[in-house]
Amino acid sequence: MAAPAEPSYLGWDFSTQQLKVIAVDEQLRVIHEDSVNFDKDLPEFGTQGGVHVHSDRLTVTSPVLMWVKALDMILEKMKSSGFNFSRVKALSGAGQQHGSVYWKEGANSVLQNLSPDLPLHQSLKSCFSVSNSPVWMDSSTTAQCCSLEKAVGGAQKLAEVTGSRAYERFTGNQIAKIYSQNPEVYTHTERISLVSSFAASLFLGAYAPIDYSDGSGMNLLQIHEKVWSPACLDACAPGLGKKLGHPVPSSKVLGCVSPYHTQRFGFNSGCKVVAFTGDNPASMAAMRLREGDIAISLGTSDTLFLWIKEPKAALEGHILCSPVDSQAYMAMLCYKNGSLMREKIRDEHASGSWEEFSKALLSTAVGNDGNVGFYFDVMEIIPETVGIHRFNTHNNRVSTFPKELEIRALIEGQFMAKRIHAEKLGYTILPTTRILATGGASHNKAILQVLSDVFSAPVYTIDTANSACLGSAYRAIHCLPAFA
Ligand SMILES: O=C(CO)[C@@H](O)[C@H](O)CF
């Protein structure tokens, strides 16, 4: 008599360049993973890096049917590989933040009556009023951002209400652009989803609601009251609240997978769908941060995730509702001048060698004898500035530093800026604070020592490959009543 199949849980990630899935067992062991790369596996859509950059160099979109077809492909690959869908007890997922999907009038009825004999992309091919969805790389909505901030009383007021000042990639501004340029298209749009809630809809067989955490990236949600801001909705487009539906906690169990999935792939009819969320909140869930912890990704760009109980609105950075604790918040700080800046200084002052770079760091004193530098090779997000700025021990601007001082000034400057911005958002270093570091530079112990010195906290390294998938699988498990 074969032992009963152990339950499994799926975590999905609809990211910019690929669709990924991870299956874990109840011990959180990965038992299956698969992916579809949009450029390579779906060449008919002609994307580069999963997107189309338009001729104005500002507008960036992705074909929504590419995402649908990618799901068809990955489910078929799993079925062909003999994956046992009937073991799946629950699933959840993540999507690239800020992207938006526009469902045409009547689409919900099509979603609810999908034929199990057809792939999703065939049944849904006429269900979208906007074929090319705006995504987070878009920066074509500056006019809409100005208009929104003016309508609600300024950038600081908007940050206090929604967690961020107006950003071009944020969904409310994208919707405002579509309404202003194509009012007919907007009128015939029945539902507007984020990429995360769109993906959940494909499993639910009905429109899935937007969760609080990913909804925090729209410039539309009152993050403290967890409701849409009437002033923001009205500033973007008429009747927008009805098209968005009501937002829900990220932990909400939305229902079970649709009959389409049970009949076509053999999912158990009791398989739960837990609200999908944004990729960054899902990644934070994967790291299982506690209050006071910091997660820092030292990659091409540097990103900080902070767990904050009482956030302070600021014009820099973002405050989102926490994906794992409805009473807490997550702060996100994104920096463009990350590893590319560190590699540039390594090449110029350490002969391209990380070993020589580290030696320089270890040979200089903490505090660099008062020599401070700020290094922005490209226009930085926080602060919005560019160029290299050096100040010596007498606070005089200087044009160069000796190479060892230059290297320490770069690393100390990068981490001091991060601490200052984090504390401006309400972050407080606690005696229990841990720093979880990931990304390429987290393999350099000399760099991590500076990070630990600047934050006066211990640094641990973690592998966050597939973190958005893993965080989604964890949420699928922990949001079920048995685990609540
Ligand atoms: O725009 C971002 C966060 O605000 C990006 O990290 C996207 O979520 C990447 F998909």
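Rules used in this analysis
Every residue gets a number counted from 1 within its own chain, in the order that chain's sequence is written. Where local features are concerned, this predicted model is filtered to residues with pLDDT of at least 70; where side-chain atom pairs are given and counted, the filter is 80 or more; whole-chain, interface and lining totals use all residues. Side-chain calculation: all heavy atoms of the structure are included, whereas hydrogens and water are not. UniProt positions are given in the numbering used here, feature names are shortened, and annotations may be inferred rather than shown by experiment. Buried residues are those whose accessible area, probed at 1.4 Å on protein chains only, stays under 20% of the maximum for their type, while exposed residues exceed 50% and partly exposed ones sit between those limits. Only DSSP runs of H or I reaching four residues or more are called helices, and only runs of E reaching two or more are called strands; each is numbered from the N terminus. Note that the arc is computed from the directions linking the helix axis to the C-beta atoms. Note on definitions: a residue-residue contact is assigned when non-hydrogen atoms from the two residues lie within 4.5 Å. Each polar contact in these results corresponds to two N or O atoms within 3.5 Å; when the atoms are within protein, one needs to be able to donate a hydrogen and the other to accept it, and residues that are neighboring in sequence are counted only if both atoms are side-chain atoms. For every domain, the bounds stem from an assignment made automatically or drawn from a database. Buried area counts how much accessible surface, traced with a 1.4 Å probe, disappears from two parts once they are put together, with both parts' losses summed. The term salt bridge refers to a side-chain nitrogen of Lys or Arg lying within 4 Å of a carboxyl oxygen of Asp or Glu. Gly counts as polar in this scheme, as do all residues outside two lists: the nonpolar Ala, Val, Leu, Ile, Met, Phe, Trp, Tyr, Cys and Pro, and the charged Asp, Glu, Lys and Arg. A single heavy atom is enough: if one lies within 4 Å of a molecule or strand, its residue is considered near that molecule or strand. The method behind every accessible area is Shrake-Rupley, applied with a 1.4 Å probe, and residues are considered shielded solely by the protein chains displayed.

- The chain appears in an unreviewed UniProt entry as Xylulose kinase from Podarcis muralis.
- In the Function (unreviewed entry) part of its UniProt record, the chain is described as follows: "Phosphorylates D-xylulose to produce D-xylulose 5-phosphate, a molecule that may play an important role in the regulation of glucose metabolism and lipogenesis."
- In its Catalytic activity (unreviewed entry) section, UniProt records this for the chain: "D-xylulose + ATP = D-xylulose 5-phosphate + ADP + H(+)".

### Observations concerning helix α16 (residues 354-363)
Right, on to step 1. Taken residue by residue, α16 has Phe357, Ser358, Ala360 and Leu361 as its buried positions. One side of α16 holds all its buried residues, which, seen down the axis, span an arc of 155°. Along α16, exposed side chains directed more than 90 degrees from the buried face belong to Glu355, Lys359, Leu362 and Ser363.
Right, on to step 2. Buried residues along α16 sit in contact with α15 (339-349), α17 (403-424) and α18 (445-455).
Right, on to step 3. A side-chain oxygen of the first residue of α16 lies 3.1 Å from the backbone nitrogen of Glu355; this N-cap is Ser353.

### Regarding the domain arrangement of the chain
Right, on to step 1. Taken domain by domain, the chain holds domain 1 (8-275) and domain 2 (318-322 + 336-461).
Right, on to step 2. Distance between the C-alpha centres of domain 1 and domain 2: 35 Å.
Right, on to step 3. Of the residues lining the interface, 15 residues belong to domain 1; the matching set on domain 2 comes to six residues.
Right, on to step 4. The junction of domain 1 with domain 2 conceals about 750 Å² of combined surface from both sides, 56% of it contributed by carbon and sulfur atoms.
Right, on to step 5. In this structure, Arg165 engages Glu384 in a salt bridge whose closest nitrogen and oxygen atoms are separated by 3.9 Å.
Right, on to step 6. For the pair domain 1 and domain 2, the interface holds five residue pairs in polar contact (both at pLDDT 80 or more).
Right, on to step 7. The residue makeup of the side of domain 1 that touches domain 2, split by class, is five nonpolar, seven polar and three charged.

### Points about the UniProt feature "domain: Carbohydrate kinase FGGY C-terminal" (unreviewed entry) in the chain
Right, on to step 1. The UniProt entry lists residues 295-477 under the feature "domain: Carbohydrate kinase FGGY C-terminal" (unreviewed entry), expressed in the numbering used here.
Right, on to step 2. Between the C-alpha atoms that bound residues 295-477 there is a distance of 22 Å. The span itself is 36% helix and 22% strand.

### Re the site of the ligand
Right, on to step 1. Within the structure, the ligand sits among Thr16, Gln96, Gln97, His98, Trp136, Arg169, Asp279, Asn280 and Met332.
Right, on to step 2. In this structure, Gln97 approaches the ligand through a main-chain N or O atom, which is 3.2 Å from an oxygen atom.
Right, on to step 3. The side chain of Arg169 places a nitrogen or oxygen atom 2.9 Å from an oxygen atom of the ligand.
Right, on to step 4. Notes on the ligand: free accessible area 290 Å², of which the protein chains cover 87%.
Right, on to step 5. Tallied by class, the residues present in the shell around the ligand amount to two nonpolar, five polar and two charged.

### Some points on the pattern of salt bridges
Right, on to step 1. Evaluation of the coordinates by the stated rule reveals 19 salt bridges.
Right, on to step 2. A salt bridge links Arg434 to Asp293; the shortest N-O distance between them is 2.5 Å. Note that Arg434 is positioned in the loop between α17 and β22 (435-438) and Asp293 in the loop between α14 (279-287) and β15 (294-298), a separation of 141 residues in sequence. Pair check on accessibility: Arg434 and Asp293 agree, each one buried.
Right, on to step 3. The residue Asp347 makes a salt bridge to Arg346 at a minimum N-O spacing of 2.9 Å.
Right, on to step 4. In this structure, a network of salt bridges that share partners links the residues Asp302, Arg342 and Lys418.

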